[in-house]
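# Summary of structural features
Okay, here's what each chain looks like letter by letter:
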Amino acid sequence: KPHVYWTKKWHKISGFFILLFIFDWIIFVLSYSISNSGMRFSRPFRPILLLTRYRELRRILETLLSMKKDLIRQIAFIIVYIVLFAWVGVTLFGDTYRFTKVCVDEDFPNV
């Protein structure tokens, strides 16, 4: 029965994006026939179809979304760590680099 298929949330999302892809394809064909160039705006949404079809991928996404606060904290820590050591490296070795043959003073007149 077709009406039973549309009772699930993920099937509704899948149907919406399939209609969106068809609409995008029609716009692409019309724009390509007019100017021999076209752009598909729906390409970034294609992975959502994978989420609608594979329950394992949905579980992975739900797990990542539930961990987002911890993941953001860890990524911020790594970025701060890299920036800190980059700053220390520039501070310690910046003058050494300036007097090598790689860096000529004409390349950086304001330094």
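### A few points about the overall build of the protein chain
Secondary structure assignment for the protein chain yields five helices and zero strands. Written out in order from the N terminus, the α and β elements of the protein chain read α-α-α-α-α. Split into buried and exposed, the 111 residues of the protein chain put 12% on the buried side. Total accessible area on the protein chain is roughly 10000 Å²; 70% of this is exposed by carbon and sulfur atoms.

### Structural notes on the packing of helix 2 (residues 9-35) against helix 3 (residues 46-53)
Viewed as axis vectors pointing N to C, helix 2 and helix 3 meet at an angle of 150°, and their least axial separation amounts to 9 Å. By the angle class used here, helix 2 and helix 3 are roughly antiparallel. Helix 2 and helix 3 meet at a crossing whose hand is left-handed. Counted together, Trp10, Ile13, Ser14, Phe17, Ile18 and Phe21 of helix 2 and Arg46, Ile48, Leu49, Leu51, Thr52 and Arg53 of helix 3 form the full contact between these two elements. Its residues placed into classes, the contact of helix 2 with helix 3 shows eight nonpolar, two polar and two charged.

### A few points about the pattern of salt bridges
For the coordinates displayed, the defined rule picks out one salt bridge. Here Arg73 ties to Asp70 by a salt bridge, and the two come within 3.3 Å at their closest N and O atoms. Here the residue Arg73 and the residue Asp70 both occupy positions in helix 5 (residues 68-98), the gap between them amounting to three residues, near one helical turn.

### Regarding helix 2
Since the α-helix advances by 3.6 residues per turn, residues separated by three or four positions end up pointing in the same direction. A rise of 1.5 Å per residue sets the reference length of helix 2, with its 27 residues, at 39 Å; its end C-alpha atoms lie 39 Å apart and thus fit the reference within 8%. Regarding helix 2, the residues found buried are Ser14, Gly15, Phe17, Leu20, Phe21 and Asp24. On its buried face, helix 2 is in contact with helix 3. Phi turns positive one or two residues past the end of helix 2, at Asn36, with a value near 55°.

### Observations regarding a nonpolar patch on the surface
Together, Leu50, Tyr54, Leu57, Ile60, Leu64, Met67, Leu71, Ile75, Ile79 and Val83 make up a nonpolar patch on the protein surface, roughly 880 Å² of accessible area in all. Contributing elements (two or more residues each) for the nonpolar patch: helix 4 (55-66) and helix 5. For the nonpolar patch, the leading source of residues is helix 5, giving four residues. Looking at the element boundaries, Val83 is found in helix 5. What makes Val83 exposed here is its relative accessible area of 51%.

Cut-offs used in this document
- Residues numbered from 1 in each chain as written.
- Predicted model: local features only at pLDDT ≥ 70, side-chain atom pairs only at ≥ 80, totals over all residues.
- Heavy atoms only, no water.
- Helix = DSSP H or I, 4+ residues; strand = E, 2+ residues; numbered from the N terminus.
- Buried < 20%, exposed > 50% of the residue type's maximum accessible area, 1.4 Å probe, protein only.
- Areas by Shrake-Rupley, 256 points an atom, 1.4 Å probe, with all protein chains shown as cover.
- Axes fitted to C-alpha atoms, helices over the stretch in contact; angles between N-to-C directions.
- Parallel < 35°, antiparallel > 145°, perpendicular 65-115°, else oblique.
- Left-handed = near helix turned anticlockwise from the far one by under 90°.
- Contact = heavy atoms within 4.5 Å.
- Nonpolar A, V, L, I, M, F, W, Y, C, P; charged D, E, K, R; others polar.
- Salt bridge = Lys/Arg side-chain N within 4 Å of Asp/Glu carboxyl O.
- Expected span 1.5 Å × (residues − 1).
- Patch = residues over 30% accessible without salt bridge, like charges linked within 9 Å, V, L, I, M, F, W, Y side chains within 5 Å.

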